[in-house]
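In case you want the letters, here they are:
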Amino acid sequence: MGKYLNAEVYKAIHRKTYTLGALAVILGCIAAFFAMMKGLGGPGATFGFFVSVLCMLFSAGLYFSLLGCDIVFSDQYKNNTLKNEVSFGLPRARIYLGKLSCSIILSVIFCLVIVVFYLALAWFLFPVGSEGLNGQELPTLGRALALAFPLWLGGLGLFQMLLFLMRGSTSATVIYVLLVSGLGTILRLLGMAIPRIYEATAFLQTLLLQTPFEQMPMEMDVPHAWAVGMGWFLVSTAVGLITFRKREIS
Amino acid sequence: MAESILVTRSLTKRYGSAVAVDQANITVSKGDIYGLVGRNGAGKTTIIRMVSAQTLPTSGELELFGATGEMELRAARARTGAMVEIPSFYPYLTARENLEYYRRQRGIAGRHVVEEALEQVNLADTGKKKFKAFSLGMKQRLGLALALMNRPELLLLDEPINGLDPEGIVEFRNLLLELNRQYQTTILISSHILSELQNLATCYGFIDKGRMLEEVSAEKLAEKCRDCLELRVDDAPRAAALLERELSFRDFEVLPGGAIRLYEGLEAPQRITNLLVSQGISLYGMEHRGANLEDYFLNLIGGVRHG
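Cut-offs and rules
Residues numbered from 1 in each chain as written. Chains lettered and ligands numbered in written order. Predicted model: local features only at pLDDT ≥ 70, side-chain atom pairs only at ≥ 80, totals over all residues. Heavy atoms only, no water. Helix = DSSP H or I, 4+ residues; strand = E, 2+ residues; numbered from the N terminus. Contact = heavy atoms within 4.5 Å. Areas by Shrake-Rupley, 256 points an atom, 1.4 Å probe, with all protein chains shown as cover. Lys, Arg positive; Asp, Glu negative; His and termini not counted. Charge placed at Lys NZ, Arg CZ, Asp CG, Glu CD. Buried < 20%, exposed > 50% of the residue type's maximum accessible area, 1.4 Å probe, protein only. Phe/Tyr/Trp six-rings, centres within 6.5 Å; stacked < 30°, edge-to-face > 60°. 1 Å grid on protein atoms, 1.4 Å probe; cavity = no way out; pocket = protein on both sides within 12 Å on 5 of 7 lines; lining within 4 Å. Points joined across faces, edges and corners; volume = space filled by probe spheres on them. Expected span 1.5 Å × (residues − 1). Pairing = 2+ DSSP bridges. Axes fitted to C-alpha atoms, helices over the stretch in contact; angles between N-to-C directions. Buried area = accessible area lost by both parts, 1.4 Å probe. Salt bridge = Lys/Arg side-chain N within 4 Å of Asp/Glu carboxyl O. Polar contact = N/O pair within 3.5 Å; in protein donor to acceptor, adjacent residues only side chain to side chain. Nonpolar A, V, L, I, M, F, W, Y, C, P; charged D, E, K, R; others polar.

**Student:** Account for the overall build of chain B, with residues named and values stated.
**Tutor:** If you tally the helices and strands in chain B, you get 11 helices and 13 strands. With respect to the principal axes defined by its C-alpha atoms, chain B has extents near 80 × 45 × 40 Å. Sequence-distant contacts, at least 24 apart, represent 67% of the contacts inside chain B between residues at least 6 apart. Taken as a whole, chain B presents about 14,000 Å² of accessible surface, with 48% of it coming from carbon and sulfur. Of the charged side chains in chain B, 37 are positive and 40 negative; the average position of the first set lies 7 Å away from that of the second.

If you want it as structure tokens, here you go:
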């Protein structure tokens, strides 16, 4: 697995234009956001406020995970490169898990770069506030990260499964976005339309990747987030592995 | 007896009700250059794809370097190099970067193997050109470089000369012959360019509609395809005895249906006709025959299909 990861990291690093371009766009958006906030000013625009905003923005990590996966998966079916791997006798489980592991590593690096850049800009551009830091900002950030991390993992696992199952990255992305952002709405509407199944749909909504983010910052149920995130991660990885085992490479 | 490198027993691949490969039995021995001959859609690529794990057989057995179990087969595949259909690489990487990626992934020691493989296929000077900008010929060469990078004992090549220019074809042929001669690399090569196969193969497997029709060595095939005169007479045994006694011919075959195939005396057919006619044998026809690989194959599958 070490060799496989080494190769995947090598490939991701050599996809400079896409990898760095995507990161530059994200960082650019953050910089633009801060420039705008600086222009607006206001007494509430303190470092502590921007930490809270960052925690709220963690739900966007479910979509950033698409980026890491896509960089690693690299349109395998379009480029037809999987045949080079299986024909050498590499176990399909290693191929699947190797790409997943590399996606996780890349996404964590992306996440760190984005969070550090955001915090650095917030620290540099905005005052800590007249009352100073109240000592709650970093623990809040830590709890939000602890809540978000398993959910991001779940999203990564799900997207990788879709990439391996579907022929094209676009269709995988569309289905992923529908599952992550559309399923909750569908369940809510179903529950309202058919009162008999309201409780069932309400329960199903608690299993969605998006739900723990929606409950932030009022409620940060970290164990629930881990149960939901790891559930999606393990189930989608198992399904992906099983289906990829017998998949035609052509 | 030479060691068997690849053996398939009743190997079958079905896609729904369509049978792509039907109970194929193939034996490739060490040092062979095995030419898999068949028209498009005959099942050549499917066989190579099954050997290279790109598709799973529906039934039958595959033995590679003596290994038959799933885990053993995987290890055995690390001793092969494969180039199946159009070579595929990451479009945004250069030739060197693509090979380096696979070198790391496969755990092949030493970066020099990448340079050696590129030099072997004359791609060492492609510099920063990305794979997406390669011509088909360059792609084919890079595919071959990847197949050669781990010094394989068995090379699986599916239509490898598609897209190569004439010079490239000659270089490619010489490279394969050199690998076979110097390292005893066994090669399974499929192609429908039969004249090219004829320059390489030491044995042939003919396949049509998924079924293996015949496996034959190049010597045996040359024997079967050599020039002859085919006579059709009313009394073949008597004519054969006359030819043997009067003209001292020894190299001939008496075939069913009053036919005699003569492998000598081809330069003076009038001597033969004179003899037979003078002895009262009715000569219905005489034809100079000689088959190349193409003729032999077409004959085997029952001629060219139309429509």
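**Student:** Give a description of the overall build of chain A that names residues and reports values.
**Tutor:** Secondary structure summary: chain A contains 12 helices and zero strands in total. Traced from its N-terminal end to its C-terminal end, chain A shows the element sequence α-α-α-α-α-α-α-α-α-α-α-α. For chain A, the spread of C-alpha atoms along the principal axes amounts to about 65 × 55 × 25 Å. Within chain A, buried positions represent 50% of all 250 residues.

**Student:** Account for the packing of aromatic side chains, naming residues and giving values.
**Tutor:** Residue and element names in this part refer to chain A. By the definition in use, this model includes 13 aromatic pairs over all chains. When the ring of Tyr96 is compared with that of Phe164, the centres are 4.6 Å apart and the planes differ by 45 degrees; the resulting orientation is tilted. Taken as a pair, Tyr96 in helix H7 (residues 92-125) and Phe164 in helix H8 (residues 137-165) lie far apart in primary sequence, 68 residues in all. Given the relative accessible area of 0%, Tyr96 is considered buried.

**Student:** Quick one: what's the story with empty space enclosed by the protein, residue by residue and with numbers?
**Tutor:** One pass over the structure, following the stated rule, counts four cavities of 30 Å³ or more. Quantified by volume, the largest cavity comes out at close to 80 Å³. Of all the elements in the fold, those that place two or more residues in the lining of the largest cavity are helix H6 (82-86) of chain A together with strand S5 (80-83) and helix H5 (136-148) of chain B.

**Student:** Account for helix H9 (residues 236-247) of chain B, with residues named and values stated.
**Tutor:** Residues and elements named next belong to chain B. The end-to-end C-alpha distance of H9, which contains 12 residues, comes to 16 Å, matching closely the 16 Å that a straight helix rising 1.5 Å per residue would cover. Buried-residue contacts for H9 involve strand S10 (228-233), strand S11 (252-255), strand S12 (259-262) and helix H10 (269-278). Once H9 ends, the next one or two residues include Ser248, with phi positive near 55 degrees.

**Student:** Can you explain the sheet that holds strand S3 (residues 33-37) of chain B? Please cite residues and give values.
**Tutor:** Residue and element names in this part refer to chain B. Overall, mixed pairing links the six strands, which are arranged S5-S6-S7-S3-S8-S9 in an open sheet. The open sheet terminates on both sides in strands that have one partner only, identified here as S5 and strand S9 (211-217). Taken over all neighbouring pairs, the strand axes of this sheet differ in orientation by 15 degrees on average, direction set aside. Inspection of the sheet shows S3 paired to strand S8 (residues 203-208) by four bridges, in the parallel sense.

**Student:** Before we move on, could you go through the environment of B:Leu164 and cite the residues and values that matter?
**Tutor:** All names here are of chain B. Counting through the fold element by element, Leu164 comes out in the loop between strand S6 (154-158) and helix H6 (166-183). Sequence-wise, Leu164 and Met138 are 26 residues apart; in three dimensions their C-alpha atoms are separated by 8.0 Å. Excluding residues within four positions of it along the chain, Leu164 makes contact with Gly137, Gln140, Arg141, Ile169 and Phe172.

**Student:** Please set out the interface of chain B and chain A residue by residue, giving values where relevant.
**Tutor:** Where the parts come together, the accessible area they lose is often given as the size of the interface. On the chain A side, the residues contacting the 33 residues of chain B number 32 residues. With both chains or domains summed, chain B and chain A bury close to 2,800 Å², and 54% of this area falls on carbon and sulfur atoms. If you sort the residues of chain B by the area they bury against chain A, B:Tyr92, B:Arg104 and B:Gln105 come out on top, with a joint share of 22%. The interface formed by chain B and chain A contains three salt bridges. One salt bridge in this structure joins A:Glu248 and B:Arg49, with 3.6 Å as the shortest N-O distance. There are 19 residue pairs in polar contact (both at pLDDT 80 or more) connecting chain B and chain A. The set of elements that each furnish at least two residues to the side of chain B that touches chain A consists of strand S1 (4-15), helix H2 (70-77), S5 and helix H3 (95-106) of chain B. Among the elements that line the side of chain B that touches chain A, the one with the most residues is H3(B), at seven residues. Residue classes in the side of chain B that touches chain A are distributed as 15 nonpolar, eight polar and 10 charged.

**Student:** For the sheet that holds S1(B), give the residues involved together with the corresponding values.
**Tutor:** Residues and elements named next belong to chain B. One open sheet accounts for three strands, arranged S2-S1-S4; its pairing is antiparallel. The sheet is open, and its two edges are formed by strand S2 (18-29) and strand S4 (59-64), each paired on a single side. Each strand axis lies, on average, 15 degrees off the axis of its neighbour in the sheet, ignoring direction. One ladder, built from eight bridges, connects S1 with S2; its direction is antiparallel. Residue pairing in the sheet places Ser4 in a bridge with Ser29 of S2. Across the sheet, helix H1 (residues 44-51) touches S1, S2 and S4, and the angle it forms with S1 is around 115 degrees.

Bear in mind that shape data such as this cannot, by itself, settle questions of function.
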